[in-house]
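Commentary on secondary and tertiary structure
Residue-level listing of the chains:
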Amino acid sequence: MIPGSFSYHRPASVADAVKLLSDLGEDARPLAGGHSLVPMMKLRLASPTHLIDLHGIAALKGISRSGNNLVIGAMTTQHELLASEDVAKAMPILHEAALLIADPQVRYRGTIGGNVANGDPGNDMPALMMTLGATYRLEGAGGGRDVAAADFYQGAYFTALEPGEILTSVSVPVPAAGHGYAYEKLKRKVGDYATAAAAVVLTMSGGKVATCTIGLTNVHETPLLAADAAKAVIGTSLDAATLKKAAAAAEAIMAPAADARGPVEYRKHVGGIMVTRALQRAASRAK
Amino acid sequence: MAKTHVTMKVNGAEVEGLVEPRTLLVHFIRENLGMTGTHIGCETTHCGACTVDIDGMSVKSCTMFAVQADGSDITTVEGMANADGTLSALQEGFRMMHGLQCGFCTPGMIMRAHRLLKENPSPSEQEIRMGISGNICRCTGYQNIVKAIQYASAKINGVEFREAAE
Ligand SMILES: Cc1cc2nc3c(=O)[nH]c(=O)nc-3n(C[C@H](O)[C@H](O)[C@H](O)COP(=O)(O)OP(=O)(O)OC[C@H]3O[C@@H](n4cnc5c(N)ncnc54)[C@H](O)[C@@H]3O)c2cc1C
Ligand code: FES
Ligand code: FES
């Protein structure tokens, strides 16, 4: 399995990358970790004629603080996220989810920018970024713009990225001190994409849920925010009846594809279970 | 497609070659350099047989282009023996603990375990199993591979290797 022919470019700045992308047109693609794109090229499901390798651009690397946000450069790898003390302390759910992505080799190469820009419903970071209220910075020939993760996903492999734009960083608000969190992912084996997964970030006050956000991975052609499910748990102590209601509200918006991971009904059913487990674990961690 | 000139360090020696941009690193290593220790098992980034060590990372060389490795420092299984030609702790571990049957996955397992032990010289059994979760073996059931890595870990740390009671 050898990909089709292409020309290889390795720009040294975001401006050069954007210029190359817009000059070379539709058949040019950014190359990040390559761990979604290269397998697709080998299967000839993608055949870009120009690859713009982002590895030479230092400005796309690294994790920094900006006010109450962690700003993560697009070319930061999952491995680097796992090694970051800032992430482990301020956003432990990001650490927990990154560890559930693929396997060590893939995590050394795969980047957060590639994961969120890819538009594959199976990717784990998009639903998590929606749950955390993250914003993506996009740079194009006409300048930069910020798009909320929640507005970015339009269909399978179809995002708000315009031709010629690259995603340069992800800005994530640090959740409230003492928040509870959990990323629950059902997969067939270590290293697999989710059969269904749920992200929960919540705060508790006097034993009751004060705020709650729930995101869903791989149960629809885009990642989802389960707003009704989150609303159902506010003000409750997550008793059995509430958990049942929340799972049902989440299942009601799921529309997974039947595939090797199971038929539609099964994937919805386990999606509801992931929501229940994530809510319980998040609550148990809240201070 | 025009070929590109690449140079890199492989197992301590400078090498060079002309590659098409679409040439995968694993093909460059096997075909241009004639080092066939690095195997191709699946080509779909799942099996880990093609794992090599690049600039301090374990990488599946079937999912990276040779042009991307220009200027980098690579170790393959051919570079794993000690300088005097004796087997390294990991290689010895695989031999002593019967960590292989057909041996097809072994180079990738050794290269992955090499980086795992660099990052964590005393991994728990669970950490070893998670650490090699990107490497598939069709033969051994992993038990002896885990033991081989535990053997190497003990040897690197200068402690006596004791098999856990089963
Ligand atoms: C065996 C295996 C198992 C996996 N399991 C999981 C899993 O469980 N969960 C999961 O989430 N992922 C999984 N992945 C995918 C992996 O996480 C990829 O690394 C990730 O989806 C894409 O990131 P990348 O950096 O490799 O991007 P690439 O493959 O380089 O790019 C992906 C797409 O995004 C575009 N792109 C990349 N960067 C940018 C940018 N900065 N701006 C604009 N467009 C950009 C590219 O043009 C391409 O279309 C798995 C992959 C493999 C091979
Ligand atoms: S051949 Fe590279 S992962 Fe299987
Ligand atoms: S020893 Fe045969 S595949 Fe692992």
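Residues numbered from 1 in each chain as written. Chains lettered and ligands numbered in written order. Predicted model: local features only at pLDDT ≥ 70, side-chain atom pairs only at ≥ 80, totals over all residues. Heavy atoms only, no water.

- Chain B goes by (2Fe-2S)-binding protein in an unreviewed UniProt entry, where it is assigned to Bradyrhizobium guangzhouense.

- Looking at an unreviewed UniProt entry, chain A carries the name Xanthine dehydrogenase family protein subunit M, with the source organism given as Bradyrhizobium guangzhouense.

Some remarks on the overall build of chain A
- Counting its regular elements, chain A contains twelve helices and 14 strands.
- The C-alpha radius of gyration computed for chain A amounts to 19 Å, which stays within 12% of the reference 19 Å derived for 287 residues, consistent with globular compactness.
- The principal-axis extents of the C-alpha atoms in chain A amount to approximately 60 × 45 × 35 Å.
- Expressed as a percentage of the 287 residues in chain A, the buried residues total 55%.
- Here the contacts in chain A between residues at least 6 apart in sequence split such that 61% fall between residues at least 24 apart.
- As presented, chain A carries roughly 11300 Å² of accessible surface, and 54% of it is formed by carbon and sulfur atoms.
- Here chain A holds 27 positive side-chain charges and 25 negative ones, and the gap between their average locations is 7 Å. (Helix = DSSP H or I, 4+ residues; strand = E, 2+ residues; numbered from the N terminus. Rg over C-alpha atoms; globule rule 2.2 N^0.38 Å. Buried < 20%, exposed > 50% of the residue type's maximum accessible area, 1.4 Å probe, protein only. Contact = heavy atoms within 4.5 Å. Areas by Shrake-Rupley, 256 points an atom, 1.4 Å probe, with all protein chains shown as cover. Lys, Arg positive; Asp, Glu negative; His and termini not counted. Charge placed at Lys NZ, Arg CZ, Asp CG, Glu CD.)

Things to note about the sheet that holds strand 13 (residues 208-217) of chain A
All names here are of chain A.
- As summarised here, the arrangement of the four strands in space is 11-12-13-14, forming an open sheet in which the pairing is antiparallel. Strand pairing shows two members of the sheet lacking a second neighbour, strand 11 (180-186) and strand 14 (224-225), which therefore form its edges.
- Two elements, strand 12 (residues 196-205) and strand 13, share nine bridges in a ladder whose sense is antiparallel. Bridging from a neighbouring strand, M204 pairs with V209 of strand 13.
- The strands that helix 8 (residues 125-132) touches are strand 12, strand 13 and strand 14; relative to strand 13, the one it contacts most, it runs at about 155°. (Pairing = 2+ DSSP bridges. Axes fitted to C-alpha atoms, helices over the stretch in contact; angles between N-to-C directions.)

Things to note about the side chain of A:D192
Residue and element names in this part refer to chain A.
- With respect to the helices and strands, D192 occurs in the loop between strand 11 and strand 12.
- Its relative accessible area of 8% is what places D192 among the buried residues.
- Apart from the residues within four sequence positions on either side, D192 is in contact with K185, K187 and R261.

Details of the interface of chain A and chain B
- The interface of chain A with chain B comprises 28 residues on the first partner and 31 residues on the second.
- Around 2500 Å² of area is buried between chain A and chain B when both sides are counted, 61% of it from carbon and sulfur atoms.
- Ranking the residues of chain A by area buried against chain B places A:Q105, A:Y108 and A:R109 at the top, with a combined share of 27%.
- Between chain A and chain B we count one salt bridge in total.
- For A:D103, the salt bridge identified is with B:K60, shortest N-O distance 2.7 Å.
- Linking chain A with chain B are ten residue pairs in polar contact (both at pLDDT 80 or more), by the criterion used here.
- For the side of chain A that touches chain B, the secondary-structure elements that each account for two or more residues are strand 1 (7-9), helix 2 (37-42), strand 3 (50-53) and helix 6 (104-109) of chain A.
- When residues in the side of chain A that touches chain B are grouped by element, the largest group, five residues, is from helix 6 of chain A. (Buried area = accessible area lost by both parts, 1.4 Å probe. Salt bridge = Lys/Arg side-chain N within 4 Å of Asp/Glu carboxyl O. Polar contact = N/O pair within 3.5 Å; in protein donor to acceptor, adjacent residues only side chain to side chain.)

Description of the pairing of strand 6 (residues 135-140) of chain A
All names here are of chain A.
- Alternating positions in strand 6 separate cleanly, Y136, L138 and G140 being buried on one face and T135, R137 and E139 remaining unburied on the opposite face.
- As defined by bridge partners, strand 6 adjoins strand 7 (residues 143-148) across six bridges and the pair is classed as antiparallel. If you follow T135 over to strand 7, its bridge partner there is A148.
- Here strand 6 folds back onto strand 7 in antiparallel fashion, the turn holding two residues.

Some words on the sheet that holds strand 3 of chain A
Residue and element names in this part refer to chain A.
- The strand order across the open sheet formed by three strands is 1-3-2, and the pairing between neighbours is parallel. The strands lining the two open edges of the sheet, one partner per strand, are strand 1 and strand 2 (28-31). Between one strand axis and the next, the sheet turns by 25° as a mean value, whatever way the strands run.
- Sheet topology note: the strand 1/strand 3 ladder contains three bridges and is parallel. Bridge pairing in strand 3 links H9 to I52.
- Contacts between helix 1 (residues 14-24) and the sheet are confined to strand 1, strand 2 and strand 3, with strand 3 contributing the most and set at about 170° to the helix.

Things to note about empty space enclosed by the protein
- Counted according to the given criterion, the structure contains one cavity of 30 Å³ or more.
- Of the voids in this model, the largest cavity is the one considered here, and its volume is about 40 Å³.
- Every residue along the wall of the largest cavity is listed here: A:D103, A:K189, A:G191, B:H46, B:S133, B:G134 and B:I136. (1 Å grid on protein atoms, 1.4 Å probe; cavity = no way out; pocket = protein on both sides within 12 Å on 5 of 7 lines; lining within 4 Å. Points joined across faces, edges and corners; volume = space filled by probe spheres on them.)

Some remarks on the site of ligand 1
- In the region of ligand 1, 31 residues are neighbours, and A:P30, A:G34, A:S36, A:T111 and A:D124 sit closest.
- At the site occupied by ligand 1, the surrounding residues belong to chains A and B.
- Take A:N123: an N or O atom from its side chain is 3.1 Å from an oxygen atom of ligand 1.
- Within the contact set of ligand 1, a nitrogen atom lies 3.0 Å away from a side-chain nitrogen or oxygen of A:Y193.
- Here ligand 1, which alone exposes 960 Å², has 97% of that area covered by the protein.
- Those elements giving two or more residues to the shell around ligand 1 turn out to be strand 2, helix 7 (112-117) and strand 10 (166-173) of chain A.
- A class-by-class count of the residues in the shell around ligand 1 yields 14 nonpolar, 13 polar and four charged. (Near = heavy atom within 4 Å. Nonpolar A, V, L, I, M, F, W, Y, C, P; charged D, E, K, R; others polar.)

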